[in-house]
Amino acid sequence: MAARLKKGITMQEHFKKIIEALGEDITRDGLRDTPQRAEKALKFLTQGYQQSVKSIVNGALFESDSDEMIIVKDVELYSLCEHHLLPFIGKCHVAYLPQGKIIGLSKIARIVDMYARRLQVQERLTKQIAETVSEIVGASGVGVIIEAKHLCMMMRGVEKQNSVMTTSVMLGRFREDRRTRGEFLSLVQK
Ligand SMILES: [Zn+2]
């Protein structure tokens, strides 16, 4: 049993009501435990609310005198669109130009996950990742590109099965210097 909040009803009870509102029989075998499972799933998919940049980075910053572009390609991305509570899934590419500090590569993937596992719009997600990486490593430039398919587009409404939405945020030298941006784009497209 889920812990009951002092006021109001639990997430499980809300899910039960939603399923009933669909006209379903909540007592049948396949659905009886669904509210509980749905709560667990939704809490996992939104666990980014419980995380912080500080706890994720946890000191994994290293000194480096390299100023060459560092790029992390094809980070898998699973998020939930805040307008429909449906998934959008795709890839995220992150690049930065260090000036003294670098960050462990797995930490970049975890930063992507932290923001993706919240209710999101793709544009804001892209910006949050770029600004966070920029802030943490003190980079002279950061570029982030997200390519994603939105189930709210694929399964309902316009039913555009193959449309991919691309968003990008370029900060610092990625914004100012066309050559830097071009290098990033050509590395991503390979
Ligand atoms: Zn949507």
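Residues numbered from 1 in each chain as written. Predicted model: local features only at pLDDT ≥ 70, side-chain atom pairs only at ≥ 80, totals over all residues. Heavy atoms only, no water.

### Side note on unusual backbone geometry
Excluding glycine, a negative phi dihedral is what most residues carry, and trans is how most peptide bonds are arranged. Selection criterion: Working definition: helices are DSSP H or I runs of at least four residues, strands are E runs of at least two. Numbering for both runs from the N terminus. Whether a residue is buried, partly exposed or exposed follows from its accessible area with a 1.4 Å probe, protein chains only, as a fraction of its type maximum: under 20%, in between, or over 50%, in that order.
In this structure, Asn58 is a non-glycine residue whose phi angle is positive, near 40 degrees. For Asn58, the position within the fold is in the loop between helix H4 (53-57) and strand S1 (61-63). By relative accessible area, Asn58 is classed as exposed at 60%. One non-glycine residue with positive phi stands out, namely Asp74, at about 55 degrees.

### What to know about a negative patch on the surface
The following threshold applies: By definition, no residue in a patch forms a salt bridge, and every one has over 30% relative accessible area; like charges are joined within 9 Å, nonpolar side chains (Val, Leu, Ile, Met, Phe, Trp, Tyr) within 5 Å. Only the protein chains shown count as cover for residues, and all accessible areas are computed by the Shrake-Rupley method using a 1.4 Å probe. The term salt bridge refers to a pairing of a side-chain nitrogen on Lys or Arg with a carboxyl oxygen on Asp or Glu at a separation within 4 Å. Working convention for charge: Lys and Arg count positive, Asp and Glu count negative, and His plus the chain ends are omitted. By convention, the point assigned to a charge is CZ for Arg, NZ for Lys, CD for Glu and CG for Asp.
On the surface, a cluster of negative charge is contributed by Asp65, Asp67, Glu68 and Glu183. With respect to the helices and strands, the residue Asp67 is situated in the loop between S1 and strand S2 (70-81).

### Section: the nonpolar core
Quick note on the threshold: Throughout, nonpolar core names a set of buried Ala, Val, Leu, Ile, Met, Phe, Trp, Tyr and Cys residues whose side chains join them through atoms within 4.5 Å. We call two residues in contact when some of their heavy atoms are within 4.5 Å.
Cys92, Tyr96 and Ile129 are the most contacted members of the largest nonpolar core, which has 31 residues in total. Not counting chain neighbours up to four residues away, the residues in contact with Cys92 comprise Val72, Lys73, Asp74, Val75, Leu77, Val112, Ile129, Val144, Ile145 and Ile146. Core analysis: the next-biggest nonpolar cluster, separate from the first, contains eight residues, Ala95, Met170, Phe174 and Val188 among them.

By themselves, these are just geometric observations and shouldn't be taken as functional.
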